[in-house]
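Tertiary structure, described
Below, each chain spelled out in residue letters.
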Amino acid sequence: MPKHGGTEVFRITGARQGLADDVRGRQRRYVISMTVRTLSVIAATVLWNVERHVAFVALGLGLLLPYIAVVIANAGRERAPSLPSTFVPPPERPALEPPNLKKTSDQS
């Protein structure tokens, strides 16, 4: 992911994307959705007397896109990527065997 200086920055941790970057991305997706919606409503009005079935499709798209855009914009932040586990379990030691409790002839 290139930054302003043109150098490539590598993500070496499992940290999330910054909040400002996340908000900027969601705003960009919302503006793109609303632009498509505006264009579809304009297309519906222009095509109303020319191609009515295309106008209905554009109008339906114009009605559905605000809901979809809001849901996408409010979807929340991405999940943090899972990192490999650094926990090393302790080695398993064999259990001690219980003492032999049988009486032998020597102990009587």
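Cut-off values and rules
- Residues numbered from 1 in each chain as written.
- Predicted model: local features only at pLDDT ≥ 70, side-chain atom pairs only at ≥ 80, totals over all residues.
- Heavy atoms only, no water.
- Helix = DSSP H or I, 4+ residues; strand = E, 2+ residues; numbered from the N terminus.
- Contact = heavy atoms within 4.5 Å.
- Salt bridge = Lys/Arg side-chain N within 4 Å of Asp/Glu carboxyl O.
- Buried < 20%, exposed > 50% of the residue type's maximum accessible area, 1.4 Å probe, protein only.
- Phe/Tyr/Trp six-rings, centres within 6.5 Å; stacked < 30°, edge-to-face > 60°.

Some points on the side chain of Ser33
Here Ser33 lies in helix H1 (residues 19-47). Filtering out sequence-adjacent residues up to four positions away, Ser33 remains in contact with Leu65 and Ala69.

Here we look at the pattern of salt bridges
Per the counting criterion, the structure on display carries two salt bridges. Taking the shortest distance from any N to any O, the salt bridge between Arg24 and Asp21 comes out at 3.0 Å. Separated by three residues within a single helix, Arg24 and Asp21 lie in helix H1, roughly one turn from each other. Accessibility expressed as a relative area gives 28% for Asp21, which makes it partly exposed. Asp22 serves as the salt-bridge partner of Arg26, at 3.1 Å between the closest nitrogen and oxygen. Placement of both Arg26 and Asp22 in helix H1 is noted, with a separation of four residues, approximately one turn of the helix.

Examining the packing of aromatic side chains
Any pair of aromatic rings gets described here by the distance separating the centres and the angle formed by the planes. Under the criterion given, the structure shown has one aromatic pair. Taking 5.1 Å as the distance between ring centres and 70° as the angle between the ring planes, the aromatic pair formed by Trp48 and Phe56 counts as edge-to-face. Phe56 gets classed as partly exposed once you look at its relative accessible area, which sits at 48%.

Here we look at the environment of Ser40
Assignment of secondary structure puts Ser40 in helix H1. Of the residues examined, Ser40 reaches a relative accessible area of 6% and is grouped as buried. Here the alpha-carbon distance between Ser40 and Ala58, two residues 18 residues apart in the chain, equals 5.0 Å. Ignoring anything within four residues of it in the chain, the contact list for Ser40 reads Ala58, Leu61 and Gly62.

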